[in-house]
Amino acid sequence: MKKLTIKAKITIWFSLLFLFLLCISSFLLYLAISEILYQQEEKIIIDETSHSALHLVSGTDEEGNLRVFEPHELVTAETKITIFYKDGEISTNNMDPALIELPIQGDTLRKVEIENNVWLVYDHPAFIDQDIEVWVRVSRSLNDVSVVLENIRIFIFTFIPFFLIFTIIISYIVTKNSLSPIYQIIKITKNIKRGSISRRLELSRFTGEVGILASTFNEMLQRLEDAFTREAEFTSAASHELRTPITVIMAQAEELLSENKINSGQKNAVRIILNQSERISLLISQLLTLARDYQEEFKIKFDILEIGILINDIVEEMRLAAKSKSIKILFESGKMIKIRADQALITTLIINLVNNSIKFNKKNGNIKIGLSEEDSFVKIQIEDNGIGIEEKEIPFIFKKFYRVDKVRTGKSFGLGLSIVKWIIDAHKGHIVVDSKVGIGTKMTIRLPVNI
Ligand code: ADP
């Protein structure tokens, strides 16, 4: 029951409840009808017996002799009657002999079963005068009542399954219609992502409790958006404020290094200051890029790019950095592929990935960059034969400030791949990482040609 949908649960509970009520009410109705029918039969037999006894009394002549009636003259066709005279004479209209043989029991209703047929039997005395005492016995078959009750039972057992199926269908349709606004909310909210957090549910589409749910949802989205915006504004403002002093520090440090006013020990200290300032400067620019993550999608500038030429230019610029570790970068741009994308962001994406392939490579390593077109996507592959990443680490490398080797210093903050992921998401693309420790890493990016 746990895994069932609310729709299925409500349908099942409603149908079971309906079945229970239907069974109880049918049973009570059946009991009431049978009680009424039996009471009716009892009343008829008592009335007919008294009526017959009365007519027997009126059936005496002037001398008080009994005028003999034929029993059928006294009662209706459904009723059997036997008259027991005091002298032992019996007069009957076809009453079953087994019923005639019953001992006389005055004014007592008896139910007697003879060969699957149930009879009501009633005896009543008719006093003609002191000497003449006559007993009147009337019997009525309960066959008709049994047939009526049997028909009611058949009706109930035929229609209960039919009503049950009908209830299941109706309750399913009603539940589905009642829950459909909730499914709409689920569908809409699934599409609200980080970049489109300013989207809201259209409240006019929902009424009642679902309307309250939708407006609560909108309020929550508003609070989330406010929090994201505050965070982005803070990061952006802090980064901007830090940029100027760090640029001044770096300029001053470079000036000190270029002059011969300081000794070599002091020069070393200034070099350390310069190195650390460069680190801070990189961190600031990465934080600024990430702060854009919270901005609206429309702030990204989509242009038509010749992706092969762009990668080629980046690779040429990075060859120098690669050469310092004797790493070769191989890129063969084949055919011309044009895509619609933000040039600055795609440049950052490629730089970050190639940078990682240099950073996490061995001396004399290789980097292979591939570019091809697949359906309506452009596929960019950046492959190195560096240190690789452990399989269990791969799911985390796109998180902010996540570094596999925590003790590694240098220009590494664990922000590069989270920027890469954001840029790919903003372009509605995806990235796949294949990596083996000691063998190398392959990053495969697919970006839609036309976004
Ligand atoms: P970092 O600033 O440390 O490069 P990234 O977000 O770019 O941060 O990468 C996160 C972590 O993923 C890195 O610390 C590194 O351990 C691992 N990584 C990324 N690219 C590669 C690669 N090409 N080869 C090996 N490890 C990599």
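Residues numbered from 1 in each chain as written. Predicted model: local features only at pLDDT ≥ 70, side-chain atom pairs only at ≥ 80, totals over all residues. Heavy atoms only, no water.

## So, the site of the ligand
Here's step 1: Around the ligand, the surrounding shell holds 18 residues, and the nearest of these are Asn356, Lys359, Ser412, Gly414 and Leu417.
Here's step 2: At a separation of 2.8 Å, an oxygen atom of the ligand approaches a polar side-chain atom of Asn356.
Here's step 3: A distance of 3.0 Å separates an oxygen atom of the ligand from a polar atom in the backbone of Gly414.
Here's step 4: Starting from 530 Å² of accessible surface for the ligand in isolation, the protein chains cover 98%.
Here's step 5: Of all the secondary structure elements, the ones that give two or more residues to the shell around the ligand are helix 7 (343-359) and helix 8 (416-426).
Here's step 6: For the shell around the ligand, the residue count by class is eight nonpolar, six polar and four charged. (Near = heavy atom within 4 Å. Polar contact = N/O pair within 3.5 Å; in protein donor to acceptor, adjacent residues only side chain to side chain. Areas by Shrake-Rupley, 256 points an atom, 1.4 Å probe, with all protein chains shown as cover. Helix = DSSP H or I, 4+ residues; strand = E, 2+ residues; numbered from the N terminus. Nonpolar A, V, L, I, M, F, W, Y, C, P; charged D, E, K, R; others polar.)

## Concerning the packing of helix 3 (residues 143-190) against helix 4 (residues 208-258)
Here's step 1: Put simply, helix 3 and helix 4 touch, their axes get as near as 10 Å, and they point 15° apart. Taken together, helix 3 and helix 4 sit at an angle that is classed as roughly parallel. In the packing of helix 3 onto helix 4, the handedness of the crossing is right-handed. For the pair helix 3 and helix 4, contact is made by Pro181, Ile182, Ile185 and Thr189 and by Val210, Leu213, Ala214 and Phe217, respectively.
Here's step 2: In the contact of helix 3 with helix 4, the residues fall into seven nonpolar, one polar and no charged. (Axes fitted to C-alpha atoms, helices over the stretch in contact; angles between N-to-C directions. Parallel < 35°, antiparallel > 145°, perpendicular 65-115°, else oblique. Left-handed = near helix turned anticlockwise from the far one by under 90°. Contact = heavy atoms within 4.5 Å.)

## Focus on the side chain of Ser34
Here's step 1: Along the chain, the position of Ser34 falls in helix 1 (residues 6-58).
Here's step 2: Looking at Ser34, its side chain comes within polar contact range of the main-chain oxygen of Leu31, at 3.0 Å.

## Thoughts on the environment of Glu306
Here's step 1: Looking at the secondary structure, you find Glu306 in strand 6 (residues 303-306).
Here's step 2: Each C-alpha atom, one on Glu306 and one on Ile339, is 6.7 Å from the other, the two residues being 33 residues apart in sequence.

## Focus on a nonpolar patch on the surface
Here's step 1: A cluster of nonpolar side chains, Leu17, Phe20, Leu21, Ile24, Phe27, Leu28 and Leu31, forms an exposed patch at the surface whose accessible area comes to about 700 Å².
Here's step 2: The class of Leu21 is partly exposed, set by a relative accessible area of 48%. (Patch = residues over 30% accessible without salt bridge, like charges linked within 9 Å, V, L, I, M, F, W, Y side chains within 5 Å. Salt bridge = Lys/Arg side-chain N within 4 Å of Asp/Glu carboxyl O. Buried < 20%, exposed > 50% of the residue type's maximum accessible area, 1.4 Å probe, protein only.)

## Considerations on the pattern of salt bridges
Here's step 1: In the structure shown here, the tally under the stated rule is 13 salt bridges.
Here's step 2: One salt bridge connects Arg200 with Glu225, and the closest N-O pair in it is separated by 2.7 Å. Linking Arg200 in the loop between helix 3 and helix 4 with Glu225 in helix 4, this pair joins segments that are 25 residues apart in sequence.
Here's step 3: Taking relative accessible area as the criterion, Arg200 reaches 27% and is therefore assigned partly exposed.
Here's step 4: Judged by its relative accessible area of 18%, Glu225 falls in the buried class.
Here's step 5: Among the ionic pairs, Glu374 bridges to Arg446, the shortest N-O distance being 3.1 Å. Taken together, the residues Glu374 in strand 9 (residues 366-374) and Arg446 in strand 12 (residues 440-448) connect sequence positions 72 residues apart.
Here's step 6: Its relative accessible area of 31% is what places Glu374 among the partly exposed residues.
Here's step 7: Connected via shared salt-bridge partners are Glu41, Glu48 and Arg140.

## A look at the packing of aromatic side chains
Here's step 1: This structure, assessed with the given rule, holds five aromatic pairs.
Here's step 2: The interplanar angle of 35° and the centroid separation of 5.7 Å between the aromatic rings of Phe396 and Tyr402 together place this pair among those described as tilted.
Here's step 3: Under the relative-accessibility criterion, Phe396 is labelled partly exposed at 33%.
Here's step 4: Among the residues examined, Tyr402 registers a relative accessible area of 21% and is labelled partly exposed.
Here's step 5: Taken together through their ring pairs, the aromatic side chains of Phe155, Phe159, Phe162 and Phe163 make up a single cluster.
Here's step 6: If you follow Lys111 out to its NZ or CZ, it ends over the ring of Tyr38, 4.5 Å from the centre. (Phe/Tyr/Trp six-rings, centres within 6.5 Å; stacked < 30°, edge-to-face > 60°. Lys NZ or Arg CZ within 6 Å of the ring centre and 35° of its normal.)

## A few points about the sheet that holds strand 9
Here's step 1: With respect to topology, five strands assemble into an open sheet ordered 7-9-10-12-11, the strand pairing being mixed. Sheet topology places strand 7 (328-331) and strand 11 (430-436) at the edges, where each strand pairs with a single neighbour. Direction aside, neighbouring strands of the sheet carry axes that sit 15° apart on average.
Here's step 2: As paired strands, strand 9 and strand 10 (residues 377-384) are joined by eight bridges and run antiparallel to one another. (Pairing = 2+ DSSP bridges.)

## Regarding the nonpolar core
Here's step 1: If you look at the biggest cluster of nonpolar residues, it comprises 48 residues, and the most contacted ones within it are Ile307, Ile311, Ile339, Ile346, Ile369 and Ile380.
Here's step 2: The residues contacting Ile339, other than those within four sequence positions of it, are Asp303, Ile304, Leu305, Ile307, Val378, Leu447, Pro448 and Val449.
Here's step 3: Within the second largest apolar cluster, 22 residues are counted, among which are Leu56, Val136, Leu142 and Leu149. (Core = buried A, V, L, I, M, F, W, Y, C linked by side-chain atoms within 4.5 Å.)

## Details of the confidence of the model for the chain
Here's step 1: Of the residues in the chain, 90% have a pLDDT of 70 or more, and the chain-wide mean is 86.
Here's step 2: Mean pLDDT values for the elements of the chain range from 83 in strand 2 (residues 90-92) up to 96 in strand 12. (pLDDT = per-residue confidence, 0-100.)

## Digging into unusual backbone geometry
Across the chain, the bulk of peptide bonds are trans and the bulk of non-glycine residues have phi less than zero.
Here's step 1: Even without being glycine, Asp107 reaches a positive phi, approximately 50°.
Here's step 2: Its place among the elements puts Asp107 in the loop between helix 2 (97-100) and strand 3 (110-114).
Here's step 3: On the basis of relative accessibility, which here comes to 41%, the residue Asp107 falls in the partly exposed class.
Here's step 4: Although it is not a glycine, Asp375 adopts a positive phi angle of roughly 50°.
Here's step 5: Assignment of secondary structure puts Asp375 in the loop between strand 9 and strand 10.
Here's step 6: A relative accessible area of 77% means that Asp375 is categorised as exposed.

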